Amino acid sequence: MLIQAENLSRIYKTPRAAKSWRERFTQLVQAQYNENKSVSDVNFAIARGECVALVGPNGAGKSTTIKMLTGILAPSSGRVTVAGFDPMRQRQQYVKRIGVVFGQRSQLWQDLPVRDSFSILQALFDVPDAVYQQQLKLFRADGGMDEFWDRPARTLSLGQRMLCEIAAAFVHAPEVVFLDEPTIGLDLEMKSRMRALIRKLNQEAGTTVLITSHDVGDIERLTRRLLLIDHGTLRFDGSLSDFRAHAGDGRWWAARIDASQVAAANEVLSAHPAALPVRSNGDWLEIARQDEALPFADLVKTLAPFTVHEIKPVEQSFEDLLHGFYVGKNLRADAAEDVTV
Ligand SMILES: Nc1ncnc2c1ncn2[C@@H]1O[C@H](COP(=O)(O)OP(=O)(O)OP(=O)(O)O)[C@@H](O)[C@H]1O
């Protein structure tokens with residue numbers, strides 16, 4: 001495995017605010033801290049060539065995990081190895097093997113033309129000419145960077161700069177690239193160019209990619225595998241289709257019922273022995289679809305006493321499923337055990 005995280009944990013210590021004079025005095029002698037376990041016993045392994053999304057709500061621990069994988073932060077306990085390196089202890093050799101993009105931080109020299117920043121990166125990383133030219137070919141034509149190749153980085157728009165940042169992370173043909181929110185703040189056109197570039201670099205150059213993003217489009221279009229972290233704990237590790245199944249399938253029946261009868265129909269459906277989740281949305285009632293527990297014919301029979309105008313199947317988007325997962329609503333009770341790793 002190229003990336004291996006074993007029982008990875010990180011505790012942040014922040015100075016505790018004194019609530020009284022006595023505490024303030026005590027802290028003069030001995031500082032006191034609050035401890036926040038931001039990443040807790042996380043385990044995963046990523047094979048060479050994979051493109052994996054690390055997702056989770058704000059404050060879940062994604063950036064902290066990426067920082068430990070890139071050697072910026074030391075784990076409080078547990079172990080990380082990437083391409084056989086300990087990122088923290090072997091940092092000097094390690095940085096030559098990885099690429100990193102943090103959405104907010106730049107690795108370009110702002111006053112120099114983009115071309116010069118890339119030449120400096122080539123020299124810094126000791127990239128042989130042949131490799132450098134091959135990497136340039138990969139992103140200059142399709143990446144659309146030619147139009148601003150000779151302009152100073154400070155004159156680029158956010159989207160243009162991010163294209164360059166991604167390309168810069170790949171310039172030394174690293175084995176693995178960590179992308180933290182690479183499409184944040186970009187318009188639809190730019191996001192699509194960025195994704196095409198990342199896909200190309202992953203698939204054609206075979207670079208392993210670990211990406212964090214709040215944009216479900218990034219996840220759906222770039223990756224097949226999800227690592228879902230919440231409150232510092234890894235809650236799910238698997239394919240997008242497995243996630244769909246675990247997150248409650250996302251398939252519902254929607255029945256449009258006479259407005260005056262919605263509440264009564266809701267009561268009857270909720271009392272059905274199948275005990276499937278039911279929710280109302282205006283004059284629509286939505287019933288979680290599990291054909292074994294409640295076949296369509298039974299649903300129609302149950303709703304027979306009411307004036308039903310229409311029944312149709314609906315499928316929740318991946319975004320809805322993910323949101324439901326974040327707010328703890330749509331995990332199947334029987335699958336909750338399976339998804340905890
Ligand atoms: N330097 C720090 N000192 C103390 N606590 C920190 C520090 N950095 C992060 N944290 C805390 O650790 C937790 C995880 O933060 P982290 O930045 O890893 O989350 P994230 O999943 O990347 O969030 P977001 O999606 O909002 O960027 C949060 O509660 C955050 O407040």
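About the cut-offs
Residues numbered from 1 in each chain as written. Predicted model: local features only at pLDDT ≥ 70, side-chain atom pairs only at ≥ 80, totals over all residues. Helix = DSSP H or I, 4+ residues; strand = E, 2+ residues; numbered from the N terminus. Buried ≥ 20, exposed ≤ 12 C-beta atoms within 10 Å, placed from the backbone. Contact = placed C-beta atoms within 7 Å. Near = placed C-beta within 6 Å. Nonpolar A, V, L, I, M, F, W, Y, C, P; charged D, E, K, R; others polar. Pairing = 2+ DSSP bridges. Axes fitted to C-alpha atoms, helices over the stretch in contact; angles between N-to-C directions. Parallel < 35°, antiparallel > 145°, perpendicular 65-115°, else oblique. Arc of directions from axis to C-beta. Core = buried A, V, L, I, M, F, W, Y, C linked by C-beta atoms within 7 Å. Domains from an automatic or database assignment.

- The name that an unreviewed UniProt entry assigns to the protein is ATP-binding cassette domain-containing protein, with the source organism given as Chitinibacter fontanus.

Overview of the overall build of the protein
Move 1: Helix and strand content of the protein: 13 helices and 13 strands.
Move 2: By the burial criterion, 34% of the 341 residues in the protein qualify as buried.
Move 3: Counting only contacts in the protein whose residues sit at least 6 apart along the sequence, the fraction spanning at least 24 positions is 72%.

Observations concerning the site of the ligand
Move 1: Surrounding the ligand, one finds Tyr12, Thr14, Asn36, Ser38, Gly56, Asn58, Gly59, Ala60, Gly61, Lys62, Ser63 and Thr64.
Move 2: Contributions of two or more residues to the shell around the ligand are made by β1 (3-15), β2 (33-46) and α2 (62-69).
Move 3: With 3 residues, α2 is the single largest residue contributor to the shell around the ligand.
Move 4: Taken together, the residues that form the shell around the ligand break down as 2 nonpolar, 9 polar and 1 charged.

Description of the pairing of strand β11 (residues 278-281)
Move 1: Pairing analysis gives 4 bridges linking β11 to strand β12 (residues 284-288), with the strands arranged antiparallel. Within the sheet, the bridge partner assigned to valine 278 lies in β12 and is isoleucine 287.
Move 2: In this structure, the hairpin formed by β11 and β12 is closed by a connection of 2 residues, where glycine 282 is found at a positive phi of approximately 65°.

Brief notes about α2
Move 1: Among the 8 residues of α2, 7 are classified as buried, and the element is accordingly described as predominantly covered.
Move 2: For α2, every residue scored as buried is listed here: Lys62, Thr64, Thr65, Ile66, Lys67, Met68 and Leu69.

Digging into unusual backbone geometry
Move 1: At asparagine 7, a residue that is not glycine, the phi angle is positive and equals roughly 45°.
Move 2: Inspection of the secondary structure puts asparagine 7 in strand β1.

Observations regarding the sheet that holds β2
Move 1: Reading across from one edge, β2-β1-β4 is the order of the 3 strands in this open sheet, with antiparallel pairing throughout. The two strands at the open ends of the sheet, each matched to only one other strand, are β2 and β4 (77-82). For this sheet, the mean angle separating the axes of adjacent strands, direction not counted, is 30°.

Looking at the packing of helix α6 (residues 158-170) against helix α7 (residues 188-203)
Move 1: In the contact formed by α6 and α7, the axes pass within 10 Å of each other and the chain directions differ by 5°. The pairing of α6 with α7 is recorded here as roughly parallel in orientation. Contacts between α6 and α7 pair Gly159, Met162, Leu163, Ile166 and Phe170 from the former with Met190, Arg193, Met194, Leu197, Ile198 and Leu201 from the latter.
Move 2: The residue makeup of the contact of α6 with α7, split by class, is 9 nonpolar, 1 polar and 1 charged.

What about the environment of serine 20?
Move 1: Here serine 20 lies in the loop between β1 and α1 (21-29).
Move 2: According to the C-beta neighbour criterion, serine 20 is exposed, with 8 such atoms within 10 Å.
Move 3: Separated by 255 residues in the primary sequence, serine 20 and alanine 275 place their C-alpha atoms 53 Å from one another.

Structural notes on the pairing of strand β7 (residues 208-212)
Move 1: Most of β7 sits out of view: 5 of its 5 residues are buried.
Move 2: The alternating pattern of β7 places Thr208, Leu210 and Thr212 on one face and Val209 and Ile211 on the opposite face, and all of these are buried.
Move 3: Relative to β7, strand β3 (residues 51-55) runs parallel, the two being bridged by 4 bridges. Its bridge partner lying in β7, cysteine 51 is registered against valine 209.

Overview of helix α12 (residues 318-326)
Every α-helix carries 3.6 residues per turn, so stepping three or four residues along brings you back to the same face.
Move 1: The complete set of buried residues in α12 reads Leu321, Leu322 and Phe325. Buried residues of α12, seen end-on, are gathered within an arc of 95° and therefore sit on one face of the element.

Regarding the sheet that holds β11
Across a sheet, strands are paired by hydrogen bonds formed along the backbone, either parallel or antiparallel in direction.
Move 1: One open sheet accounts for 4 strands, arranged β11-β12-β10-β13; its pairing is antiparallel. Both edges of this open sheet fall to β11 and β13 (308-315), since each of them pairs with a single strand only. The average undirected angle you get between the axes of adjacent strands in this sheet is 25°.

Brief notes about the nonpolar core
Move 1: Judged by nonpolar contacts, the single largest core of 64 residues is most densely connected at Cys164, Ile166, Ala167 and Phe178.
Move 2: A total of 8 residues in this core trace back to one element, the largest contributor, which is α6.
Move 3: When neighbours within four sequence positions are excluded, isoleucine 166 is seen to be in contact with Val101, Pro182, Met194, Leu197 and Ile198.
Move 4: Grouped together as the second largest cluster of nonpolar side chains are 13 residues, Trp252, Trp253, Ala255 and Ile257 included.

So, the domain arrangement of the protein
Move 1: Under the domain assignment used here, the protein contains domain 1 (48-244) and domain 2 (251-315).
Move 2: For domain 1 versus domain 2, the separation of C-alpha centres amounts to 46 Å.

A few points about the environment of proline 174
Move 1: Locating proline 174 in the fold gives a position in the loop between α6 and β6 (176-180).
Move 2: Separated by 48 residues in sequence, proline 174 and leucine 222 place their C-alpha atoms 19 Å apart.
Move 3: Ignoring any residue separated from it by four or fewer positions in sequence, one finds proline 174 in contact with Arg97, Ile98, Gly99 and Thr207.

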